[in-house]
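Here is how the chains run, residue by residue.
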Amino acid sequence: MNKPVKTRGEVLLGITGKDFTIIAASKAAMRGASILKTNDDKTKTLNKHTLMALVGEAGDTIQFAEYVQANIQLYSKRNASELSPSETSSFIRTELAKSLRSRNPYTVNLLLGGFDAETQKPQLFWIDYLASCVPLPYAAHGYAQYYCLSILDKHHHPDISFEQGMKILRMCTDELKRRLPIDFKGVLVKVVTKDGIRTEEYDNDNIVYAP
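So, how was this worked out
- The residue numbering used here restarts from 1 in each chain and proceeds along that chain's sequence as written.
- Totals for whole chains, interfaces and linings use every residue, but because this is a predicted model, local features are given only for residues with pLDDT of at least 70 and side-chain atom pairs only at 80 or more, for both listing and counting.
- By convention in this description, side-chain values take in all heavy atoms of the structure and omit both hydrogens and water.
- Every helix listed is a DSSP run of H or I at least four residues long, and every strand listed is a run of E at least two residues long, numbered separately from the N terminus.
- When we talk radius of gyration, it's over C-alpha atoms, and the globule rule is simply 2.2 Å times the number of residues to the 0.38.
- Only protein chains enter the accessibility calculation, which uses a 1.4 Å probe. A residue is then buried if its area is under 20% of the maximum for its type, exposed if over 50%, and partly exposed in between.
- Contacts are assigned to residue pairs that have any heavy atoms within 4.5 Å of one another.
- Per-residue accessibility takes into account occlusion by the displayed protein chains alone, with areas from the Shrake-Rupley method and a 1.4 Å probe.
- Here a pair means two rings of Phe, Tyr or Trp (six-membered ring of Trp) with centres within 6.5 Å. Their orientation is stacked below 30 degrees between planes, edge-to-face above 60, and tilted elsewhere.
- Ring-over charges, as used throughout, are those where CZ of Arg or NZ of Lys falls within 6 Å of the ring centre and within 35 degrees of the ring normal.
- Take the buried residues of types Ala, Val, Leu, Ile, Met, Phe, Trp, Tyr and Cys, join any two whose side-chain atoms come within 4.5 Å, and each joined set is a nonpolar core.
- Note on definitions: salt bridges are taken to be side-chain nitrogens of Lys or Arg within 4 Å of carboxyl oxygens of Asp or Glu.

Undergrad: Please explain the overall build of the chain as it appears in this structure.
TA: From N to C terminus, the chain includes 4 helices and 12 strands. The C-alpha radius of gyration of the chain comes to 16 Å, within 12% of the 17 Å expected for a compact globule of 211 residues. C-alpha atoms of the chain, sized along the principal axes, occupy 55 × 40 × 25 Å. Looking at the chain as a whole, 51% of its 211 residues qualify as buried. Expressed as a percentage of contacts within the chain between residues at least 6 apart in sequence, the contacts between residues at least 24 apart total 65%. Accessible surface, the chain: about 11000 Å² in total, of which carbon and sulfur atoms supply 49%.

This is the structure in C-alpha cells:
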C-alpha cells in the first residue's frame, strides 16, 4: 500500500475569482525539522496560461514536475496549440494513475491553476497522489488545508475581484502565522490571467500577534 504524502510543513493555496487564479506556495524547503532553503519555488509554468504547484517527496516533485512540463511543451510545439488547464489536468491525472499502478509511484500532491482562453474563465484543479482530480473554486494542500479552508468557505465567492482575492490570501497566511508552529518562510504568489502568468509582490514580513 502506498504511504501518504508527508507535507513537512509545506503550504499550497489556490484561489479563483472573476478573471484570475492565484497560486501561493510556501518558500521553505524542509527535511524533517530542518529548513534547507528559504526561497524555494514549488511552481512550474506549463504554458502561457497554466501553472502547477507541487508538494511531496523532494525527488518525486522535481522529477514529476519536469516530466509534465516537458510533455506539455512538446505537445504545444508539435501541434502549434496549447492545452487548456482542463486538458492538462486530465493528462496529469492519467500519468499519476499509471504511476500508482507501477512499482515506483510518484508521491506528490499538486494544485493546477490556469485561465481558459476559449471560455475566458479561470480554472483550478486539486490533484493528489492517488490521482484524484477535482475542479474547485479554491483549494489547499499541506498544512494549509487544516487552517485555511474554513476562511475560504466563509469569504470566497465566484465573482471576487483580484483585490478581494489577495485580501482573502492575506487572511489565510496570517492565520497560518498565528497558529502553525512551523516557520514556512512566507509564500511565493503567482497569478494567472488572460495576459499570462506573473509573480505578484507579497509582503511576508508583517508581524501577526496571537489573540
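Undergrad: Got a minute to help me understand the packing of aromatic side chains in this structure?
TA: Geometry of an aromatic ring pair is reported as the spacing of the ring centres plus the angle between the planes. Inspection of the entire model under this criterion finds 3 aromatic pairs. Ring geometry for phenylalanine 64 and tyrosine 106: centres 4.9 Å apart, planes at 55°, overall tilted. Of this pair, phenylalanine 64 sits in helix 1 (residues 58-79) while tyrosine 106 sits in the loop between helix 2 (85-100) and strand 7 (108-116), and the two are 42 residues apart along the sequence. For the pair formed by phenylalanine 64 and tyrosine 106, the shared burial category is buried. Sitting over the ring of phenylalanine 162, arginine 198 keeps its end group 5.1 Å from the ring centre.

Undergrad: It is not clear to me how the side chain of glutamine 69 should be interpreted in this structure. Could you clarify?
TA: Along the polypeptide, glutamine 69 turns up in helix 1. Apart from the residues within four sequence positions on either side, glutamine 69 is in contact with Lys44, Thr45 and Leu46.

Undergrad: Before we go on, may I ask you to explain the nonpolar core in this structure?
TA: One broad trend across soluble globular proteins is that nonpolar side chains are buried collectively. By size, the foremost hydrophobic cluster in this structure holds 26 residues, and its most contacted members are Leu13, Ile22, Leu169 and Val189. Contributions of two or more residues to this core are made by strand 1 (11-16), strand 2 (21-26), strand 10 (138-142), helix 3 (144-155), helix 4 (162-179) and strand 11 (187-193). When residues in this core are grouped by element, the largest group, 6 residues, is from helix 4. Residues within four places of valine 189 in sequence aside, it is in contact with Ile22, Ile23, Ala24, Met166, Leu169, Arg198, Thr199, Glu200 and Tyr202. In this structure, Met52, Ala65, Val68 and Leu83 belong to the second largest nonpolar core, which totals 18 residues.

Undergrad: What is the right way to read the pattern of salt bridges from this model?
TA: Two side chains bearing opposite charge may form a pair once their charged atoms approach each other closely. Counted by the stated rule, this structure contains 7 salt bridges. Across the pair glutamate 95 and lysine 98 runs a salt bridge, and its minimum N-O distance is 3.7 Å. A residue pair is termed a helical-turn pair when its members lie 3 or 4 positions apart in one helix, as glutamate 95 and lysine 98 do in helix 2 at 3 residues. The class of glutamate 95 is buried, set by a relative accessible area of 12%. By relative accessible area, lysine 98 is classed as exposed at 53%.

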